[in-house]
Amino acid sequence: MERILMIGCSGQIGTELTLELRKIYGDGNVFATDIKEAPAEVRESGPFEILDVLDEKRLNHFAIRNKITQVYNLAAVLSGNAEKIPMQAWNINMAALMNTLELARSVRLKKLFWPSSIAVFGPTTPKTETPQLTVMEPNTVYGISKQAGERWGEYYHKRYCVDFRSLRYPGLISYKTEAGGGTTDYAVEIYYEAIRNGKYECFLKEDTGLPMMFMPDAIKATIDYMEADASKLSLRSSYNVGGMSFTPKDVAEAIKKHIPDFEITYKPDFRQAIANSWPASINDDVARRDWGLSYEYNLDSMTEVMLREIRKKV
């Protein structure tokens, strides 16, 4: 029986991933943790506990006491927020990873999942159809920490046989959890503001193309990858996942098909420089080949769901 520890269950992907894993492995076998209170649906559907991944002793005791076999470590300071507190963000992101890598080594976890990001790429990386193996010169704290994390994960796999797994997520879009300090968060905020106010001021330029992924596709990809046989995996750093690519203007046009009077204006801030350093589209052929990565949603189908579900919430 798998017993799974979810670190960072209150974040954008953590909430939905926790709930989906509970459907698969049973509510009582997925232990949700975070440094803040979890959403009600997480607290009420299975075990939840306040736990700081930076507290290595308590983390280890928790894993041993609950006979944990897999860990999903989603704790991180995201790109936009990390630029405001660079040293603190570096320390948090790296200590969180190293504590779980050491946990995986010492108690011989079956699997450890840690998300990377398209932020590992930089301004010298090919912008379109960015390949799996390419130039990686990130120029943000978040990107540097993710690139370093990929290297550490691969090292622990080779040196200690830790089954480390990682995906380079693009921007993630969800109607269940609002934005949390990332550069791609406009693609969540814009839908909420379209419903609430009928207008939105975007912090990126209208023609800024970035890879994005609707949360149901991200959850499915993560679980499919984690359930893939280890013998099928040709990479032990992190896999490209591309999703779909679009600009703020593209999203606005998709929204106008449902809300014709929607208005968008543009006021780029410091996140524009971060977005400029990232790819506009991602080649994920290696993930498709190794473990069958696929997607269900495009911009129009995602927009329809986002607007419908946010209306219910708001």
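Residues numbered from 1 in each chain as written. Predicted model: local features only at pLDDT ≥ 70, side-chain atom pairs only at ≥ 80, totals over all residues. Heavy atoms only, no water.

S.K.: Break down the pattern of salt bridges for me, with residues and values.
M.R.: This structure, assessed with the given rule, holds 19 salt bridges. Ionic pairing is found between Asp163 and Arg236, a salt bridge with its closest N-O pair at 2.5 Å. Here Asp163 is found in the loop between α6 (141-160) and β7 (164-165), whereas its partner Arg236 is found in the loop between α8 (215-227) and β12 (239-240), with 73 residues between them in sequence. Among the residues examined, Asp163 registers a relative accessible area of 13% and is labelled buried. In this structure, Arg288 engages Asp284 in a salt bridge whose closest nitrogen and oxygen atoms are separated by 2.7 Å. Asp284 sits in the buried class, given a relative accessible area of 5%. (Salt bridge = Lys/Arg side-chain N within 4 Å of Asp/Glu carboxyl O. Helix = DSSP H or I, 4+ residues; strand = E, 2+ residues; numbered from the N terminus. Buried < 20%, exposed > 50% of the residue type's maximum accessible area, 1.4 Å probe, protein only.)

S.K.: Report on the packing of helix α5 (residues 86-107) against α6, specifying residues and quantitative values.
M.R.: Viewed as axis vectors pointing N to C, α5 and α6 meet at an angle of 15°, and their least axial separation amounts to 10 Å. For the element pair α5 / α6, the angle class is roughly parallel. As for the relative orientation of α5 and α6, their crossing is right-handed in sense. When α5 is examined against α6, the residues Pro86, Ala89, Trp90, Asn93, Met94, Leu97, Met98, Leu101, Glu102 and Arg105 are found in contact with a partner set consisting of Val141, Tyr142, Ile144, Ser145, Ala148, Gly149, Trp152, Gly153, Tyr156 and Tyr160. Counted by class, the contact of α5 with α6 contains 14 nonpolar, four polar and two charged residues. (Axes fitted to C-alpha atoms, helices over the stretch in contact; angles between N-to-C directions. Parallel < 35°, antiparallel > 145°, perpendicular 65-115°, else oblique. Left-handed = near helix turned anticlockwise from the far one by under 90°. Contact = heavy atoms within 4.5 Å. Nonpolar A, V, L, I, M, F, W, Y, C, P; charged D, E, K, R; others polar.)

S.K.: Kindly report on the packing of aromatic side chains, identifying the contributing residues and their values.
M.R.: Under the defined criterion, the tally for this structure stands at 14 aromatic pairs. Among the aromatic residues, those joined into a cluster by ring pairs are Trp152, Tyr155, Tyr156 and Tyr160. Geometry around Trp114 places Lys146 over its ring, the cationic atom sitting 4.3 Å from the centre. The ring centre of Tyr225 lies 6.0 Å from the NZ or CZ of Arg165, which sits over that ring. (Phe/Tyr/Trp six-rings, centres within 6.5 Å; stacked < 30°, edge-to-face > 60°. Lys NZ or Arg CZ within 6 Å of the ring centre and 35° of its normal.)

S.K.: So what about the layout of surface pockets? Which residues, and what values?
M.R.: Looking at the largest pocket, its volume works out to about 940 Å³. In terms of lining, the largest pocket is formed by 41 residues, of which the most central are Gly11, Leu74, Ala75, Ala76 and Leu78. When residues in the lining of the largest pocket are grouped by element, the largest group, three residues, is from helix α1 (residues 12-25). Residues of the lining of the largest pocket, tallied by class, amount to 20 nonpolar, 15 polar and six charged. In this model, the second largest pocket occupies a volume close to 270 Å³. Looking at the second largest pocket, it is lined by 14 residues, and the ones nearest its centre are Glu16, Glu20, Lys23, Lys176 and Ile219. Counting only elements with at least two residues in the lining of the second largest pocket, the list comes to α1 and α8. (1 Å grid on protein atoms, 1.4 Å probe; cavity = no way out; pocket = protein on both sides within 12 Å on 5 of 7 lines; lining within 4 Å. Points joined across faces, edges and corners; volume = space filled by probe spheres on them.)

S.K.: How would you explain the nonpolar core if you had to name every residue and give the values?
M.R.: Nonpolar side chains in soluble globular proteins tend to be buried together. Judged by nonpolar contacts, the single largest core of 45 residues is most densely connected at Ile173, Tyr186, Tyr191, Phe246, Phe262 and Met302. For this core, the secondary-structure elements that each account for two or more residues are α6, α7 (186-196), β10 (199-202), β11 (210-214), β13 (244-246), α9 (248-256), α10 (271-276) and α12 (299-313). Looking at this core, the element that brings in the most residues is α7, giving seven residues. Apart from residues no more than four positions distant in its own chain, Met302 is found in contact with Ile173, Tyr191, Phe214, Met244, Phe246 and Tyr297. In terms of nonpolar packing, the next biggest core, distinct from the first, is built from 35 residues, Val30, Tyr72, Met213 and Ala228 among them. (Core = buried A, V, L, I, M, F, W, Y, C linked by side-chain atoms within 4.5 Å.)

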